[in-house]
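Structure assessment
What follows is the residue order along each chain.
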Amino acid sequence: MTDLPLALVTGASRGIGKAVAHQLAPTHRVLLGGRDAAALEALAKELPGAKPWPVELTNADSLASAVADIPSLDVLVHSAGVAHLGRVEEAPAQAWRDNFEVNTLAVVELTRLLLPALRAAHGHVVVINSGAGRNARPGWSPYAASKFAVRAFADALREEEPEIRVTSVYPGRTDTEMQQEIFKGEGRDYDTSHLLKADSVATAVVTAVSATPDAHLTELILRPN
């Protein structure tokens, strides 16, 4: 088990992050990143070789301390995120700040701190983006802007770090707790019939990570069937 490559998955306590952790566990040692320490502990008991990695991604000091003992990292999956929606005329500045703080700046800072570890392993960074990172819909502006920004970050990182593979994954609407909250905010009944499964997104992540060394899957776009 100690010889397996090491993966860090943020947002691992639920949704897509949890599904990714499950699918990586057979072939990787997995650090389970998230805020809910109890949920991470419970998940770690299900996955041999997995360890909780509870950290507040928006706290610079906590983040720097948490990465200090990671000398080499094979896979970094950014799945943590928030979705504060609203029209430009209605969304307060705090909604924009919250989206950018978690969806963009936390991704940038965690990656920056782990660059030496990623370089040492010739690692792979996977950014779970969103359909909103390619198409800004009415009423989604604060969230979409943060996802467009993290798309630019991933594109720049790919060019700056040629020894590290960087993949952006753009799922359509996916059956997660976050999506339930979005439906509620839209005043709609929750209907999963036209949603992706979290496991389907996780499968795309594993496909990118397990690609042969000569292949670099830079972008994956998933839409519900």
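Structural notes, computed from the coordinates. (Residues numbered from 1 in each chain as written. Predicted model: local features only at pLDDT ≥ 70, side-chain atom pairs only at ≥ 80, totals over all residues. Heavy atoms only, no water.)

**A look at the sheet that holds strand 3 (residues 51-54)**
Read across the open sheet, the 7 strands follow the order 3-2-1-4-5-6-7; overall the sheet is parallel. Both edges of this open sheet fall to strand 3 and strand 7 (219-222), since each of them pairs with a single strand only. On average, each strand axis in the sheet is tilted by 15° relative to the strand beside it, whichever way the strands run. Judged from the 4 bridges that link them, strand 4 (residues 75-78) and strand 5 (residues 124-128) form a sheet pairing that is parallel. Its bridge partner being in strand 5, Val75 is matched across the sheet by His124. Of the strands in this sheet, strand 1 (6-9), strand 3, strand 4 and strand 5 touch helix 4 (residues 93-121), which is tilted by about 175° from strand 4. Its contacts with the sheet put helix 7 (residues 198-209) on strand 4, strand 5, strand 6 (165-171) and strand 7, and the angle it makes with strand 6 is roughly 160°. (Pairing = 2+ DSSP bridges. Helix = DSSP H or I, 4+ residues; strand = E, 2+ residues; numbered from the N terminus. Axes fitted to C-alpha atoms, helices over the stretch in contact; angles between N-to-C directions. Contact = heavy atoms within 4.5 Å.)

**Structural notes on the layout of surface pockets**
Empty space among the atoms becomes apparent when a probe as large as a water molecule is rolled across them. Each pocket or cavity is described by its volume, and for the largest pocket that value is around 1,100 Å³. Lining the largest pocket are 47 residues, and of these Ser79, Ala80, Gly81, Val82 and Met178 lie nearest its centre. Broken down by secondary-structure element, the contributors of at least two residues to the lining of the largest pocket are helix 1 (15-24), strand 2 (29-34), helix 4, helix 5 (141-160) and helix 6 (177-185). Among the residues forming the lining of the largest pocket, the class breakdown is 16 nonpolar, 21 polar and 10 charged. Its volume calculated, the second largest pocket comes out at about 170 Å³. Around the second largest pocket, the lining residues are Asp74, Val75, Ala121, His122, Gly123, His124, Pro162, Glu163, Ile164, Arg165, Val209 and His216. (1 Å grid on protein atoms, 1.4 Å probe; cavity = no way out; pocket = protein on both sides within 12 Å on 5 of 7 lines; lining within 4 Å. Points joined across faces, edges and corners; volume = space filled by probe spheres on them. Nonpolar A, V, L, I, M, F, W, Y, C, P; charged D, E, K, R; others polar.)

**Looking at unusual backbone geometry**
Even without glycine at this site, His122 takes up a positive phi of about 50°. Examined against the element boundaries, His122 turns out to sit in the loop between helix 4 and strand 5.

**Here's the deal with the pairing of strand 2**
Most of strand 2 is tucked away, with 5 of its 6 residues classed as buried. Bridge count between strand 1 and strand 2: 4 bridges; the pairing is parallel. Of the residues in strand 2, the one forming a bridge with Ala7 is Val30. Read as a crossover between parallel neighbours, the route from strand 1 over helix 1 to strand 2 is right-handed. (Buried < 20%, exposed > 50% of the residue type's maximum accessible area, 1.4 Å probe, protein only. Right-handed = clockwise from strand over helix to strand, strands pointing away.)

**Considering the packing of helix 4 against helix 5**
Any two packed helices are characterised by the angle at which their axes cross and by the distance between the axes. Their axes nearest at 7 Å, the elements helix 4 and helix 5 cross at an angle of 15°. When the interaxial angle is binned, helix 4 and helix 5 end up roughly parallel. By crossing handedness, the relation of helix 4 to helix 5 is classed as right-handed. Side by side, helix 4 and helix 5 meet where Ala95, Trp96, Asn99, Phe100, Asn103, Thr104, Val107, Val108, Thr111 and Leu115 of the first sit next to Ser141, Pro142, Tyr143, Ala145, Ser146, Lys147, Ala149, Val150, Phe153 and Leu157 of the second. Considered class by class, the residues forming the contact of helix 4 with helix 5 number 13 nonpolar, 6 polar and 1 charged. (Parallel < 35°, antiparallel > 145°, perpendicular 65-115°, else oblique. Left-handed = near helix turned anticlockwise from the far one by under 90°.)

**Quick word on the packing of aromatic side chains**
Counting across every chain of the model gives 2 aromatic pairs. When the ring of Phe183 is compared with that of Tyr190, the centres are 5.1 Å apart and the planes differ by 80°; the resulting orientation is edge-to-face. Judged by relative accessible area, Phe183 falls into the buried class, the value being 3%. The ring of Tyr170 carries Arg134 above its face, with NZ or CZ at 5.1 Å from the centroid. (Phe/Tyr/Trp six-rings, centres within 6.5 Å; stacked < 30°, edge-to-face > 60°. Lys NZ or Arg CZ within 6 Å of the ring centre and 35° of its normal.)

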